[in-house]
Amino acid sequence: MQNESTSSLVGEEYEVEVGPVAHGGHCIARTAEGQVLFVRHTLPGEKIVAKVTEGESDSRFLRADAVRIIEASKDRVEAPCPYAGPGKCGGCDWQHAKPGAQRRLKGEVITEQLQRLAGLTPEEAGWDGTVVPAEGDKLPKGEVPAWRTRVQYAIDEDGRAGLRKHRSHDVQPIDHCLIAAPGVSELGIEKREWPTLAAVEAIAATGSHDRQVILTPKPGGRLPLVELDKPVSVLRVEEHDGGVHRVHGRAFVRERADDRTYRVGSGGFWQVHPQAAYTLVKAVMQGLMPRKGETALDLYCGVGLFAGSIAERVGENGAVLGIESGKRAAEDARHNLKDLDRVRIEHGKVDQILPRTGITEADLIVLDPPRAGAGKQTVKQLSALGARRIAYVACDPAALARDLAYFRDGGYTVRTLRAFDLFPMTHHVECVAILEPVKKDD
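Predicted model, so just to flag it, every value in this text is computed and none were measured.

(A) Region of the structure containing the pairing of strand S17 (residues 295-299). For S17, the buried fraction is high: 4 of the 5 residues fall into the buried class. Pairing between S17 and strand S18 (residues 319-324): 5 bridges, direction parallel. By the bridge assignment for S18, Thr295 is matched with Ala319. Handedness of the crossover is the feature at issue here: the chain leaves S17, passes through helix H4 (residues 305-314), returns alongside S18, and the resulting connection is right-handed. In this structure, S17 lies alongside strand S20 (residues 364-367), joined through 4 bridges in parallel fashion. By the bridge assignment, Asp298 is partnered in S20 with Val366.

Take a look at the structure:
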């Protein structure tokens, strides 16, 4: 219920000068009255007309879209995608920015989050301030990297496939997603109608020719006969329990990384960019430098990507424990690493399983937590294990910065930090931080 003294400002327009980028795919501006605006579809330094999309007169901040550009940034380009822009698809944040500018903006966000939440300058974090593009993503002007190997299509009331609008359940129908990987686009999902479905997820493995669709029927909806342009496995999400069950074909796709094949079942996590697994394994192994006979933990281990790479390097006398909360992913990890006797996979939450293992020390730790981060209690547990090196893989710079501050409290300092642009056109960025114990004075 709205307070009588407040009023909705949705639809109001303000002419503003745009300030710095903020975490989340928008920039900061202020109204003449001093109210903060989080504005999408703009760039720092521009003069624009911003139209409010969320907020009231007494809100701490307002959300808005740039609906008219009065003075454009030199980094602005015409959005290559016809579905990018105010009120359209919410999947991409920076279609209107040059690729180099996108990476600079992401670097500025990382810098700001490190400073604000961890009190670290880039130099103190061992970071050169750059966000590195993935191999193959440097393309001619106007071309967009087709990187997204998993696309979740929403289905509108007319049965058309599309993508959600920003902060909305509304669907923007599309006929082609520019950032979808070729293996997804070639299925032809956007060309067909899906009247009985609520969603279609398409997966195109990078490490094999495996293609998979996961269908979510509307309540009471029947499963359609799926005929796509390429052979695919079909799975469905069950209405009563949310479980994913095989309809026909394989219940998994096969991926490759670091000379190993990984089975990834429905609900199992695998990096979305084709180069991501390779890029992150390389960064983690370069940072940890595993030695023969060492013991290691792979936390939030998914289907065993880092555990497999570490196990190969620590040799037969080493040992690796992986912990994963997803039941199917843990099963896949055991399957993927069954040839390595030195690897053990436990299913459960890290903060619950780790204390039960009785482990009091480890040489190496790698953690790749969900977007919310590991959190204070888990970081405290890890800091007590005395690892000589810790690799933290992060998909959210705010969560990374918070956890780095907790690690500092636990006696660890950041040795190096690297940032990778594994989500072009969006505000997301992947970081790898390598930590080591603070050197004690003699």
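(B) Representation of helix H3 (residues 276-288) in the model. In this model, H3 (13 residues) spans 18 Å end to end at C-alpha, consistent with the 18 Å of a helix rising 1.5 Å per residue. For H3, the buried fraction is high: 10 of the 13 residues fall into the buried class. Every buried residue belonging to H3 is among Ala276, Ala277, Thr279, Leu280, Val281, Ala283, Val284, Met285, Gly287 and Leu288, and all of these are buried. Looking at the buried side of H3, the elements it contacts are strand S15 (252-257), H4, S20, strand S21 (389-394), strand S22 (412-421) and strand S23 (430-437). Just beyond H3, the residue with positive phi is Met289, at close to 50°.

(C) Structural view of the sheet that holds strand S19 (residues 343-347). Overall, mixed pairing links the 8 strands, which are arranged S7-S22-S23-S21-S20-S17-S18-S19 in an open sheet. A strand with exactly one partner marks an edge of an open sheet, and here the two such strands are strand S7 (131-133) and S19. Sheet twist, expressed as the average angle between the axes of neighbouring strands with direction ignored, equals 15°.

(D) Main features of unusual backbone geometry. Its identity is not glycine, yet Arg167 carries a phi of approximately 50°, on the positive side. Structurally, Arg167 is set in the loop between strand S9 (161-164) and strand S10 (171-173). Phi angles above zero are rare outside glycine, and Asp258 is one such case at about 50°. Relative to the elements of secondary structure, Asp258 occurs in the loop between S15 and strand S16 (260-265).

(E) Seen up close, the sheet that holds strand S13 (residues 233-237). What the 7 strands build is an open sheet, ordered S10-S9-S8-S11-S12-S13-S14; its pairing is mixed. Looking at the sheet topology across the chains shown, the edges are occupied by S10 and strand S14 (244-248). Averaged over all neighbouring strand pairs, the angle between strand axes comes to 35°, with direction disregarded. Bridge analysis of strand S12 (residues 211-217) against S13 gives 4 bridges, and the strand direction is parallel. Pairing of Leu215 across the sheet is with Arg236, part of S13.

(F) Seen up close, the nonpolar core. Within the largest apolar cluster, 77 residues are counted, with the highest numbers of intra-cluster contacts made by Tyr153, Ile189, Trp194, Val200, Val213 and Val284. In terms of residues, this core owes the most to one element, H3, which gives 8 residues. If near-sequence neighbours (up to four positions away) are discounted, Val200 is found in contact with Val151, Gln152, Tyr153, Ile155, Ile189, Trp194, Val213, Ile214 and Leu215. If you look at the next biggest cluster of nonpolar residues, it comprises 39 residues, including Leu114, Ile323, Ala394 and Ala405.

(G) Spatial organisation of the pattern of salt bridges. One pass over the structure, following the stated rule, counts 27 salt bridges. Across the salt bridge formed by Glu186 and Arg211, the nearest N and O atoms sit 3.5 Å from each other. With Glu186 in the loop between helix H2 (182-185) and strand S11 (197-204) and Arg211 in strand S12, this pair connects stretches of sequence that are 25 residues apart. Note that Lys439 is salt-bridged to Glu436, the shortest N-O span being 4.0 Å. Note on Lys439: relative accessible area 68%, which makes it exposed. Connected through salt bridges with shared partners, the residues Arg389, Arg415, Glu436 and Lys439 form a single ionic network.

(H) Looking closely at the side chain of Arg260. With respect to the helices and strands, the residue Arg260 is situated in strand S16. Using a relative accessible area of 9% as the deciding quantity, one classes Arg260 as buried. At 2.7 Å, the side chain of Arg260 forms a polar contact with the side chain of Glu312. A polar side-chain atom of Arg260 sits 2.9 Å from the main-chain carbonyl oxygen of Asn336.

Reading the values: the criteria
- Here the residue index of a chain counts from 1 through its sequence in written order.
- Totals for whole chains, interfaces and linings use every residue, but because this is a predicted model, local features are given only for residues with pLDDT of at least 70 and side-chain atom pairs only at 80 or more, for both listing and counting.
- To obtain the side-chain values, all non-hydrogen atoms of the structure were used and water was disregarded.
- Buried, partly exposed and exposed residues are distinguished by accessible area as a fraction of the type maximum, computed with a 1.4 Å probe on protein chains only: under 20%, between the cut-offs, and over 50%, respectively.
- Here a helix means four or more residues in a row that DSSP labels H or I, a strand means two or more in a row labelled E, and each is numbered from the N terminus.
- In this analysis, strands are considered paired if DSSP registers two or more bridges between them.
- Handedness of a crossover is defined as follows: orient the strands so they point away from the viewer, and if the path from the first strand over the helix to the second runs clockwise, the crossover is right-handed.
- What a helix should span is 1.5 Å times the count of its residues minus one.
- Any two residues whose heavy atoms approach within 4.5 Å at even a single point are treated as in contact.
- Here the axes come from fitting lines to C-alpha atoms, over the contacting stretch only for helices, and the angles between their N-to-C directions go from 0 to 180 degrees.
- Side-chain atoms within 4.5 Å are what join buried Ala, Val, Leu, Ile, Met, Phe, Trp, Tyr and Cys residues into a set we call a nonpolar core.
- Salt bridges are counted wherever a side-chain nitrogen of Lys or Arg sits within 4 Å of a carboxyl oxygen of Asp or Glu.
- Throughout this description, a polar contact denotes any pair of N or O atoms lying within 3.5 Å of each other; where both atoms belong to protein, one of them has to be capable of donating a hydrogen while the other can accept it, and for residues adjacent in sequence the pair is counted only when both atoms sit in side chains.

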